[in-house]
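The residues making up each chain are set out below.
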Amino acid sequence: MPELPLRNQVAVVAGATRGAGRGIARMLGAAGATVYCTGRSVRGRPATPGRPETLEETAELVTAEGGRGIAVRTDHTVEAEVERLFARVRDEAGRLDVLVNDVWGGDALTEWGKPFWGLSIAQGFQLLERAVHSHIITSRHGAPLMVERNAGLIVEVTDGDTFGYRGNLFYDVAKNAVVRLAYAMAADLRPHHVTALAVTPGFLRSEHVLDSFGVSEANWRDAIEKDPYFAESETPCLVGRVVAALAADPDVAAKSGRLFAAWTLTKEYGIDDVDGRRPDWGTFFPRKVREIVDGGEPTEMNLFIVRSRLYQAELDPTATEEAERLRAWLARHE
């Protein structure tokens, strides 16, 4: 692969302020791309209470990586603003090669621990507007620039590589909906040689996650004592490197319409995280669940972990025996 495989290519990363979006923007820049970094948080006008990150910072990081970062404040739930964004891309760059939909904005709206009949409809609908409607609006106005050139890649960022229940109805709908968006868009885009697919990171060490554990990227391992699952966490740049590899893959069209996990694509493309590790959440998590079932204590956390794995296994026809063991363990301890 050439040193800068995305040189002269243009990307839009929607939701680039922090987390996976920032990591993806940075690594597209490291591959040589011009990256329009979009979202709502700009200097002097933060959109997420308690979070200091801005689009300008992301754009500067993109440029520092070797690309060209351009910050454009855009509320992706407002169609007129999205239209203006892509009109600017057309006028300035004349092309669009990669579109990444990573707008989320649902952390404060997700009511964990409640059954769906106890959830706020207003909060849930706002979550869907931010996390699903925004993706549809963005792709609707970004795709034409790709269709005109008969080339391009649209990436939907989700959470999890299975369709197992994610523990909250609105969160579950949002994260599954964007996977379906990738599938549906791929069908319409296939005749135009434009690829759409979905990607999930593993246990992401986002800025918010690091803060919640009281650690920084420099000493993140100190948090493993609080949460052993943190041992297999990854930086946002890992999924960024995965997206950059997809964008540079001449055969990426073979993946159109499908859902991929970062931990499988790192193996396929030979990618390591920026800290030199290659986390494999897909192997690590089931192994930890087996340890619980084989002799772990029925703590509240362990019950949650086993239940989460059951939601995944019960939809996997190859995991029937595992699902039965998980149900039996939960029946004994719940």
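Look a little higher up for the structure.
A short tour of the structure in this document, coming up. (Residues numbered from 1 in each chain as written. Predicted model: local features only at pLDDT ≥ 70, side-chain atom pairs only at ≥ 80, totals over all residues. Heavy atoms only, no water.)

**A word on helix α3 (residues 79-93)**
With 15 residues, α3 extends 21 Å from end C-alpha to end C-alpha; this agrees with the ideal 21 Å at 1.5 Å per step. Those residues of α3 that sit buried are E81, V82, L85, F86 and V89. For α3, the angular spread of buried residues about the axis comes to 130 degrees, placing them on one side. Of the exposed residues in α3, those oriented more than 90 degrees away from the buried face are R84 and D91. Those residues of α3 hidden inside the fold are in contact with β1 (10-14), β2 (34-39), β3 (68-73), β4 (98-101) and α4 (121-147). (Helix = DSSP H or I, 4+ residues; strand = E, 2+ residues; numbered from the N terminus. Expected span 1.5 Å × (residues − 1). Buried < 20%, exposed > 50% of the residue type's maximum accessible area, 1.4 Å probe, protein only. Arc of directions from axis to C-beta. Contact = heavy atoms within 4.5 Å.)

**Examining the packing of helix α10 (residues 300-313) against helix α11 (residues 320-333)**
Running from N to C, α10 and α11 point in directions that differ by 150 degrees, and their axes come no closer than 9 Å. As far as their axial angle goes, α11 and α10 are roughly antiparallel. The interaxial crossing formed by α10 with α11 has left-handed handedness. Residues N302, L303, V306, R307, R309, L310 and A313 of α10 form the contact with α11, whose own contacting residues are E322, A323, L326, R327, W329, L330 and H333. Taken together, the residues of the contact of α10 with α11 break down into 8 nonpolar, 2 polar and 4 charged. (Axes fitted to C-alpha atoms, helices over the stretch in contact; angles between N-to-C directions. Parallel < 35°, antiparallel > 145°, perpendicular 65-115°, else oblique. Left-handed = near helix turned anticlockwise from the far one by under 90°. Nonpolar A, V, L, I, M, F, W, Y, C, P; charged D, E, K, R; others polar.)

**Some thoughts on the pairing of strand β6 (residues 194-200)**
Judged by how many residues are buried, β6 sits mostly within the fold: 7 of 7 residues are covered. Of the two faces of β6, the one lined by V194, A196, A198 and T200 and the one lined by T195, L197 and V199 are each fully buried. Judged from the 6 bridges that link them, strand β5 (residues 152-157) and β6 form a sheet pairing that is parallel. Paired with V157 across the two strands is V199, which belongs to β6. Considered for its hand, the β-α-β crossover made up of β5, helix α5 (residues 169-189) and β6 is right-handed. (Pairing = 2+ DSSP bridges. Right-handed = clockwise from strand over helix to strand, strands pointing away.)

**Considering the packing of aromatic side chains**
One pass over the structure, following the stated rule, counts 14 aromatic pairs. Between the aromatic rings of F125 and F170, the centroid separation amounts to 6.2 Å while the plane-to-plane angle is 90 degrees, which identifies the pairing as edge-to-face. You can see F125 sitting in helix α4 and its partner F170 sitting in helix α5, a full 45 residues away along the chain. Taking the relative accessible area as the measure of exposure, F170 reaches 9% and is therefore buried. Pairing Y165 with Y311 gives two aromatic rings, centres 5.4 Å apart and planes at 80 degrees, and the pair type is edge-to-face. (Phe/Tyr/Trp six-rings, centres within 6.5 Å; stacked < 30°, edge-to-face > 60°.)

**A word on α5**
Note on helix geometry: an α-helix contains 3.6 residues per turn, so any two residues three or four positions apart are oriented the same way. The end-to-end C-alpha distance of α5, which contains 21 residues, comes to 30 Å, matching closely the 30 Å that a straight helix rising 1.5 Å per residue would cover. One side-chain oxygen of the residue at the start of α5 lies 3.1 Å from the amide nitrogen of F170, identifying that residue as N168. (Polar contact = N/O pair within 3.5 Å; in protein donor to acceptor, adjacent residues only side chain to side chain.)

**Observations regarding the state of the cysteines**
Evaluation of the coordinates by the stated rule reveals 0 disulfides. With no disulfide of its own, C237 lies 13 Å from the sulfur of C37, the closest cysteine sulfur. In this structure C237 comes out as buried when scored by relative accessible area, which is 5%. (Disulfide = S-S within 2.5 Å.)

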